[in-house]
Structure formats: C-alpha cells, structure tokens
Amino acid sequence: MNQTSHTATHLPDRALVQIAGPDAETFLQNLVTCDVAGLEPGQLSLGALLTPQGKILFEFLIARDPFGNKDGFVADLAADQTSDFVKRLTFYKLRAAVTVTVLDMHVGVALTDTLGAGSYAMTDPRHASLGQRVWGNATAFGPKTDTYDIARVAAGVPELGKDFAPQSAFPHDVLMDQYGTGAVDFSKGCYVGQEVVSRMHHRGTARSRFVQVTGAEDLPQLGTEILAGDRAVGQMGGHVGQHGLALVRLDRVAKALRENTVVTAGGAAITLALPDFVKFGWPEEAA
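Treat the numbers as computed from the prediction; the structure is a model and nothing was measured. (Residues numbered from 1 in each chain as written. Predicted model: local features only at pLDDT ≥ 70, side-chain atom pairs only at ≥ 80, totals over all residues. Heavy atoms only, no water.)

A. Spotlight on the packing of aromatic side chains. One pass over the structure, following the stated rule, counts 7 aromatic pairs. Between the aromatic rings of Phe58 and Phe85, the centroid separation amounts to 5.2 Å while the plane-to-plane angle is 65°, which identifies the pairing as edge-to-face. Of the two residues, Phe58 sits in strand E4 (residues 56-64) while Phe85 sits in helix H2 (residues 82-93), which places them 27 residues apart along the sequence. Each of the two residues, Phe58 as well as Phe85, counts as buried. Ring geometry for Tyr179 and Phe277: centres 5.0 Å apart, planes at 25°, overall stacked. With Tyr179 in the loop between helix H3 (147-155) and helix H4 (194-203) and Phe277 in the segment after strand E15 (268-273), this residue pair connects regions lying 98 residues apart in the sequence. Neither Tyr179 nor Phe277 differs from the other in exposure class; each is buried. Here the aromatic cluster, defined as three or more aromatic residues joined through ring pairs, consists of Phe58, Phe60 and Phe85. If you follow Lys55 out to its NZ or CZ, it ends over the ring of Phe170, 5.0 Å from the centre. (Phe/Tyr/Trp six-rings, centres within 6.5 Å; stacked < 30°, edge-to-face > 60°. Helix = DSSP H or I, 4+ residues; strand = E, 2+ residues; numbered from the N terminus. Buried < 20%, exposed > 50% of the residue type's maximum accessible area, 1.4 Å probe, protein only. Lys NZ or Arg CZ within 6 Å of the ring centre and 35° of its normal.)

Structure, rendered in structure tokens:
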C-alpha cells in the first residue's frame, strides 16, 4: 500500500469490534435488527441493537470479518460506545461460543474511490453519496476532515451520537426502514425489541422522522427545539454550517407547511425537506 497517497478520510470517532466464534452468526441473528446470516463476503449492512422497548441502544455498520476469521463479524460503531457495546454483547452471550474484541484497526471513508492493498473497502449501504467504508491500519488514511459529515447531512442520513442519543429513538425515527438494505429485517425471527418495531412498521404508526434542515445562517446545536409558530414540532440533530438534520413530527410540520407557518430553530427561520431516498411524504392531514 502506498502510504503517501491517501484516498480515504480518517474517522477517528469510529472503532471496530469483532464478534467471532462458531456461534457468532446465530448469536447476532437473534440479537440485532439486520439479517447477518444473509450477509455476503464484502457486503456491509446497517444494523442496531435495541432495548427491549425497541429504542436504539447501539447503531453500527456490520460485515463478515474481512481480516481472516471465517466465523466472525466486524461492527463499525461510535468509538465512545465500544466499551458499553462489548459489555452488552458479553451480557447476552451466556454460554454461546462467542468472543467479543475491540480491534486495533481504524475506520475511514472514501467518497470517490478506494485504497488498494492493506485496507478493506465496502460500499456504504445507506446512500450512494457516502461512497466506500474503509477499514485498515492508521497509515491507510489521510487526516480527518468534514467531508464525510457534509456528505452524510446532504444525503439526509442521521447517525447515533451525532444526531440522536442512545435510547432516544426508534429505528423508524432514524430512517432505518427506508434504506432498502435490510437494516431492519421484518421477515426474520425475533431479536431484542422486535415486537415493538414490527408493530410500529405494520401499523404504520411512525409519526416522527428525521428530515433535512437548512438555515440562512449556521444552525443551532443538537437538541434545540424546533417550533412552527409557537408549537413544538421537533428538535435539531447535528449540523455542518447551514445544513443539518432534525427529528420532527411529520403531521405537525405538514400542517405548518400547508398554513405557511414559519418554522424556526433557536429563533431563526429554517426550511425542512425530506431526504431523496425516503418512501414516505408529508401527511395530507395533520393534527
């Protein structure tokens, strides 16, 4: 690998956890939202580990282990969650023949092309504009920049830690049912929180969703209340400059749009829009 020609941006706020052993596939299949059993080598999937109440506890990208462990999987998640993630998986594994290990490897993203030998690049399943996810040693990456978050926000893809906190949102809230990549598999058997998520899906009761936000000036911080007139309709996620994401009540925002009510965050007017990949629209009738 040419260590002087970097095509991937380092994401130091991400880490890799290996779940290995002869029972790893069955263990994960009965635990997380995505279909790990159906993963092909080199295929990346979005997934989550939920609370029993169906809220997202951990969100990750996961693939079959590309580092030579034929029975293993590797999860790419927020670095500040790795310790808790390992503890939670260890709690659930009981007598299963599974080991859970934080890998001494790094995570990056290549939005235009990929690295050669010495790193592993897989297509990000959430949106075409997010390019390739790259796993490798530290020399595989150039310095951290804002390019990934700019692309992610522009695509309308929320991320745990940057746009919402653990145990604060359902998979439907953060669009995990919209990517068309099996981030939440509604046909496989039970997993933690499955009953709540399945009921929400089949009854069509998801009323809060992440949408894109644009402001004339830099947007306010995560958690800032969003108002339509004087009525609360949601709260800000993260942002990069004048562009960001927000979790809003679709029905309330739809009513504001129909009535030409000004929507604000932190006292400044904002514009809300649906990401291009979602299959839902603004409700025609609102409370």
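B. Layout of the pairing of strand E3 (residues 45-50). By the criterion of burial, E3 is predominantly enclosed, with 6 of the 6 residues buried. Neither face of E3 is exposed, since Ser45, Gly47 and Leu49 on one face and Leu46, Ala48 and Leu50 on the opposite face are all buried. Two elements, E3 and E4, share 6 bridges in a ladder whose sense is antiparallel. Within E4, the position partnered with Ala48 by the bridge is Glu59. (Pairing = 2+ DSSP bridges.)

C. Structural view of H2. If you check H2, its first and last C-alpha atoms are 16 Å apart, about what 12 residues at 1.5 Å a residue would give, namely 16 Å. Within the span of H2, buried status applies to Thr82, Phe85, Val86 and Leu89. Seen along its axis, H2 keeps its buried residues to an arc of 95°; they face one direction. Facing away from the buried side of H2 by more than 90 degrees, the exposed set consists of Lys87 and Phe91. Those residues of H2 that are buried are in contact with strand E2 (14-20), helix H1 (24-29), E3, E4, strand E5 (73-78) and strand E6 (99-102). Phi turns positive, to about 50°, at Leu94, one or two residues after H2. (Expected span 1.5 Å × (residues − 1). Arc of directions from axis to C-beta. Contact = heavy atoms within 4.5 Å.)

D. Representation of the sheet that holds E6 in the model. The strand order across the open sheet formed by 5 strands is E3-E4-E5-E2-E6, and the pairing between neighbours is antiparallel. Looking at the sheet topology across the chains shown, the edges are occupied by E3 and E6. Within the sheet, the average angular offset between the axes of one strand and its neighbour, ignoring direction, is 30°. In this structure, E2 lies alongside E5, joined through 6 bridges in antiparallel fashion. (Axes fitted to C-alpha atoms, helices over the stretch in contact; angles between N-to-C directions.)

E. Fine view of the sheet that holds strand E8 (residues 119-123). What the 4 strands build is an open sheet, ordered E1-E7-E9-E8; its pairing is antiparallel. Each end of this open sheet is capped by a strand with a single partner; those strands are strand E1 (9-10) and E8. The sheet contact formed by strand E7 (residues 106-110) and strand E9 (residues 132-136) spans 5 bridges and is antiparallel. Across the sheet, residue His106 finds its bridge partner in E9, namely Gly136.

F. Just the nonpolar core, in detail. Trp135, Met176, Ile226, Val248, Ile270 and Leu272 are the most contacted members of the largest nonpolar core, which has 53 residues in total. Counting residues per element, this core draws most heavily on strand E13 (residues 243-249), which supplies 4 residues. Filtering out sequence-adjacent residues up to four positions away, Val248 remains in contact with Arg207, Ser208, Arg209, Val211, Ile226, Val233, Gly234, Val253 and Leu272. Counting residues in each nonpolar core, the second largest holds 24 residues, with Phe27, Leu31, Phe85 and Val100 among its members. (Core = buried A, V, L, I, M, F, W, Y, C linked by side-chain atoms within 4.5 Å.)

G. Main features of the environment of Ile56. For Ile56, the location among the structural elements is in strand E4. Look at Ile56 and you get buried, because its relative accessible area is 0%. Residues Ile56 and Ala151, 95 residues apart in the sequence, show an inter-C-alpha distance of 23 Å. Apart from the residues lying within four places of it in its own chain, the contact partners of Ile56 are Ala48, Leu49, Leu50, Phe164, Pro166, Gln167, Ala169, Phe170, Pro171, Val174 and Met176.

H. Focus on the pattern of salt bridges. Taken as a whole, this structure holds 14 salt bridges when the rule is applied. Of the charged contacts in the structure, one is a salt bridge between Arg209 and Asp177, with a shortest N-O distance of 2.7 Å. Here Arg209 is found in strand E10 (residues 208-215), whereas its partner Asp177 is found in the loop between H3 and H4, with 32 residues between them in sequence. Here Arg209 and Asp177 have matching classes, each one buried. (Salt bridge = Lys/Arg side-chain N within 4 Å of Asp/Glu carboxyl O.)

I. Representation of the side chain of Arg133. Note that Arg133 resides in strand E9. A distance of 3.3 Å separates polar atoms of two side chains, one belonging to Arg133 and the other to Tyr148. (Polar contact = N/O pair within 3.5 Å; in protein donor to acceptor, adjacent residues only side chain to side chain.)

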